[in-house]
Amino acid sequence: MTDFSKIQGVAAPLPLNNLDTDQIMPKRFLFGIDKSGLADGTLHDMRFDADDKPIADFVLNQPAYAQANILVTGSNFGCGSSREHAVWGLQQLGFDAIISSSYGEIFYFNAGNNRLLLVILKPEEIEELTAEISDPANNQLTIDVERQVVITASGREFAFDLTARQKGMILEGLDMVQASLRQLPEIEAFEQRHWAQNPWAKIDLPRMNIKYP
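Because the structure is a prediction, the values reported are computed rather than measured. (Residues numbered from 1 in each chain as written. Predicted model: local features only at pLDDT ≥ 70, side-chain atom pairs only at ≥ 80, totals over all residues. Heavy atoms only, no water.)

Trainee: Is there a simple way to think about the sheet that holds strand S7 (residues 157–159) in this case?
Mentor: Two strands in a sheet stick together by hydrogen bonds in their backbones, pointing the same way (parallel) or opposite ways (antiparallel). Within the open sheet, the 7 strands sit side by side as S4-S3-S2-S1-S5-S6-S7. Their pairing is mixed. A strand with exactly one partner marks an edge of an open sheet, and here the two such strands are strand S4 (117–120) and S7. Neighbour to neighbour, the strand axes of the sheet diverge by 30° on average, direction disregarded. Across 4 bridges, strand S3 (residues 97–100) lies against S4 in parallel orientation. When the bridges of S4 are listed, Ser-100 appears paired with Ile-120. Running over the sheet, helix H5 (residues 123–133) touches strand S1 (6–14), strand S2 (70–73), S3, strand S5 (140–144), strand S6 (149–152) and S7 and is turned about 125° from S2. (Pairing = 2+ DSSP bridges. Helix = DSSP H or I, 4+ residues; strand = E, 2+ residues; numbered from the N terminus. Axes fitted to C-alpha atoms, helices over the stretch in contact; angles between N-to-C directions. Contact = heavy atoms within 4.5 Å.)

Here is the structure:
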């Protein structure tokens, strides 16, 4: 069984405030109708120049942070438009968790529904954490979801809060659809009661018998 109680790995510092969803996922990469193929577009204009060549000094293009699965960033991360593709793209790029002092509201709920862990720390804690992981020798972090603490390579701990729903979805490895299906018996029971009480509202549409040439 997969253990979702801890997220461990390389943490990349990206100390930018107000990084919006249009920067996280530029609209020109939203050409599909599903969730696939979004990694290339994620943070594209920060990762690549006008000739589509990697920008050497961008943190995710540096060898020490190329495999990062945790992003430590500035305040109001994910503000702007409501595109859920920003969450999907971050996950496809390899991120399991974001650590910030605050998030755009819609992004926050989109992330929770897709099981991307968002950790909220105090601004001064973000500064301390950013300073530590900016040294490649100390860029490893552990996020203990069960205990709700971020643990640095030096052993420092930063506590954070999670709602019971968020924590449960992370620990059990569930997205919003999977979490909803856990309540399928209750949903079906409600449906049966509803139609029994309101039979006039139920319309049985005839099956369409269409023949194609």
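Having seen the model, we can carry on.
Trainee: What's the story with unusual backbone geometry in this structure? I'm lost.
Mentor: Residues other than glycine predominantly adopt negative phi, and peptide bonds predominantly adopt the trans conformation. Its identity as a non-glycine residue notwithstanding, Leu-43 has a phi of 55°, on the positive side. The backbone phi angle of Gln-148 is positive, close to 60°, even though this residue is not glycine. Under the relative-accessibility criterion, Gln-148 is labelled buried at 16%. (Buried < 20%, exposed > 50% of the residue type's maximum accessible area, 1.4 Å probe, protein only.)

Trainee: Would you explain the domain arrangement of the chain in this entry?
Mentor: Split by domain assignment, the chain resolves into domain 1 (6–162) and domain 2 (175–202). Each of domain 1 and domain 2 has a C-alpha centre, and these two points are 37 Å apart. (Domains from an automatic or database assignment.)

Trainee: Whenever I open this one, the side chain of Thr-21 confuses me. Can you help?
Mentor: Mapping Thr-21 onto the fold places it in helix H1 (residues 21–24). Not counting residues up to four positions away in its chain, the partners in contact with Thr-21 are Gly-78, Cys-79, Gly-80, Ser-81, Arg-83, Ala-86 and Phe-107.

Trainee: Looking at this structure, I do not really get a nonpolar patch on the surface. What am I missing?
Mentor: A surface patch of nonpolar side chains, amounting to about 350 Å² of accessible area, comprises Val-177, Leu-181, Leu-184 and Ile-187. Of all the secondary-structure elements, those providing two or more residues to the nonpolar patch are helix H7 (176–181) and helix H8 (184–197). (Patch = residues over 30% accessible without salt bridge, like charges linked within 9 Å, V, L, I, M, F, W, Y side chains within 5 Å. Areas by Shrake-Rupley, 256 points an atom, 1.4 Å probe, with all protein chains shown as cover. Salt bridge = Lys/Arg side-chain N within 4 Å of Asp/Glu carboxyl O.)

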